[in-house]
Amino acid sequence: MEETFIRSVKYENEVLTILDQTKLPTVTEFLELTKIEEVWEAIKHLKVRGAPAIGIAAAYGLLLGIKDAPEEDFATFYQHFKEKQDYLATSRPTAVNLFWALNKMEERVKKEQHQSILYIKNALEEEAHLIRNQDEEVCRSIGEQALTLLEDGMGVLTHCNAGGIATAKYGTALAPLYLAKEKGWNIKVFADETRPLLQGARLTTWELMQAGIDVTLIADNMAAMVMQKGWVQAVMVGCDRVAANGDVANKIGTYGVALLAKAHHIPFFVAAPMSTIDLQTKTGEEIPIEERGSEEITNSFGKQTAPNGVKVFNPAFDVTPNNLITAIITERGIVKGNYQEELSKLFSNSHV
Ligand code: MRU
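Residues numbered from 1 in each chain as written. Predicted model: local features only at pLDDT ≥ 70, side-chain atom pairs only at ≥ 80, totals over all residues. Heavy atoms only, no water.

**Remarks on the side chain of S91**
Move 1: Among the structural elements, S91 can be located in the loop between α3 (74-88) and α4 (96-111).
Move 2: Note on S91: relative accessible area 1%, which makes it buried.
Move 3: One polar contact links the side chain of S91 to the main-chain carbonyl oxygen of L88, over a distance of 2.7 Å. (Helix = DSSP H or I, 4+ residues; strand = E, 2+ residues; numbered from the N terminus. Buried < 20%, exposed > 50% of the residue type's maximum accessible area, 1.4 Å probe, protein only. Polar contact = N/O pair within 3.5 Å; in protein donor to acceptor, adjacent residues only side chain to side chain.)

See the structure below:
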């Protein structure tokens, strides 16, 4: 299992190396980023994508943004830090991990404010590595929890890509599939293509095939038929933000899959690290939904498929209401039933 994973985000010697996910599956190319603007652009254009990976990249991006910050006094440094933090926060609006990671970095700055600026800069590098390393452990743990909901021989449908390259390692929704493979189970995965940017077709099938996992690609509009045929016993997806009441934002199309699962009496599971749960956002209605350019639909991958000037609606995410979700799987346990209560209980013992 170890060797099947590519590190999609890595930071060393003031260079952030990311796997350019827009080039997959045909080209495996790594980009070396040395400026905060390059990191902003990479997040915006989905070169690095997936909620946890966005958060990790942002933490490292902030390091690039503050490396030349004035070192005379804390107030000037802090102002510089805040400007860079605010800038990265504008890259994408939906995945709360972006803001979570930027806040973790700010908390560290505040904690170390009586130290020298050089010390603070080193502490921030340590913090960014912590965010990355913690995500790896978190994903492994989500995989272990999620595996208890699956059985050998099952068919599992997934939407978008919540795999190793969307996180530090293992992924969230795909983590149990890797662990199942380790156990010698034969899970048959159906990967939705995931229009318009094809994360399912380009990324999920690529990842799973590398790991030798049985995966079948379907266009999004085939999920209903695959369920009707009885080929799917569970749906497993990742997410970008969980509201306090358990409503979940994930890649556009997830809501439709949840409705289909309900109609076919198939459990619908959401894998969510604690860093994706946002108790400040009360319900799904409050989750900011990113809208992207019309060309992603009319001219995707270089081919015009709609008339010039056609009106387009292109939300990148949708919200699945809590009543369609069988369980939310976190590194601290599996939550179901009264999400409002159960999610807040997860936070009550300690803080992430
Ligand atoms: O627009 P993307 O590709 O960043 O959307 C990603 C998703 O919707 C994933 O399911 C989610 O971020 C979870 S990744 C572990």
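Picking up where we left off.
**Section: the domain arrangement of the protein**
Move 1: In terms of domain boundaries, the protein breaks down into domain 1 (2-139) and domain 2 (150-348).
Move 2: Computed from C-alpha coordinates alone, the two centres of domain 1 and domain 2 are separated by 25 Å.
Move 3: With 33 residues of domain 1 at the contact, the number on the domain 2 side is 36 residues.
Move 4: Note on domain 1 versus domain 2: buried area summed over both sides is about 3,000 Å², and carbon and sulfur give 58% of it.
Move 5: Among the residues domain 1 hides against domain 2, the three largest losses belong to F5, R49 and T94. Together they make up 22% of the total. (Domains from an automatic or database assignment. Contact = heavy atoms within 4.5 Å. Buried area = accessible area lost by both parts, 1.4 Å probe.)

**Examining the pattern of salt bridges**
Move 1: Tallied over the full model, the rule gives 19 salt bridges.
Move 2: We note a salt bridge from K47 to E41, for which the minimum N-O separation is 3.0 Å.
Move 3: Linking K169 and E136 is a salt bridge whose minimum nitrogen-to-oxygen distance equals 3.8 Å. Of this pair, K169 sits in the loop between β4 (155-158) and α6 (175-182) while E136 is found in helix α5 (residues 117-147), placing the two residues 33 residues apart along the sequence.
Move 4: Look at E136 and you get partly exposed, because its relative accessible area is 21%.
Move 5: Residues joined by salt bridges that share partners form a network here, namely R92, E290, R292 and E296. (Salt bridge = Lys/Arg side-chain N within 4 Å of Asp/Glu carboxyl O.)

**Remarks on the packing of helix α1 (residues 36-44) against α3**
Move 1: In the contact formed by α1 and α3, the axes pass within 10 Å of each other and the chain directions differ by 20°. As far as their axial angle goes, α3 and α1 are roughly parallel. Crossing of α1 over α3 shows right-handed handedness. On α3, the residues touching I36, E37, V39 and W40 of α1 are K84, Y87 and L88. (Axes fitted to C-alpha atoms, helices over the stretch in contact; angles between N-to-C directions. Parallel < 35°, antiparallel > 145°, perpendicular 65-115°, else oblique. Left-handed = near helix turned anticlockwise from the far one by under 90°.)

**As for the confidence of the model for the protein**
Move 1: Chain-level statistics for the protein give a pLDDT mean of 97 and a share of 98% at 70 or above.
Move 2: Within the protein, strand β10 (residues 268-271) carries the highest mean pLDDT (99), whereas helix α11 (residues 339-348) carries the lowest (96). (pLDDT = per-residue confidence, 0-100.)

**Points about unusual backbone geometry**
Move 1: The omega torsion across L24 and P25 is 10°, close enough to zero to call that bond cis.
Move 2: Here P25 is to be found in the loop between β2 (15-19) and β3 (30-33).
Move 3: With an omega of 0°, the peptide bond between R195 and P196 qualifies as cis.
Move 4: With respect to the helices and strands, the residue P196 is situated in the loop between β5 (188-192) and α7 (199-210).
Move 5: In the Ramachandran plot, N13 falls in the positive-phi region, its phi being about 50° despite a non-glycine side chain.
Move 6: Tracing the backbone through its elements, the reader meets N13 in the loop between β1 (9-12) and β2.

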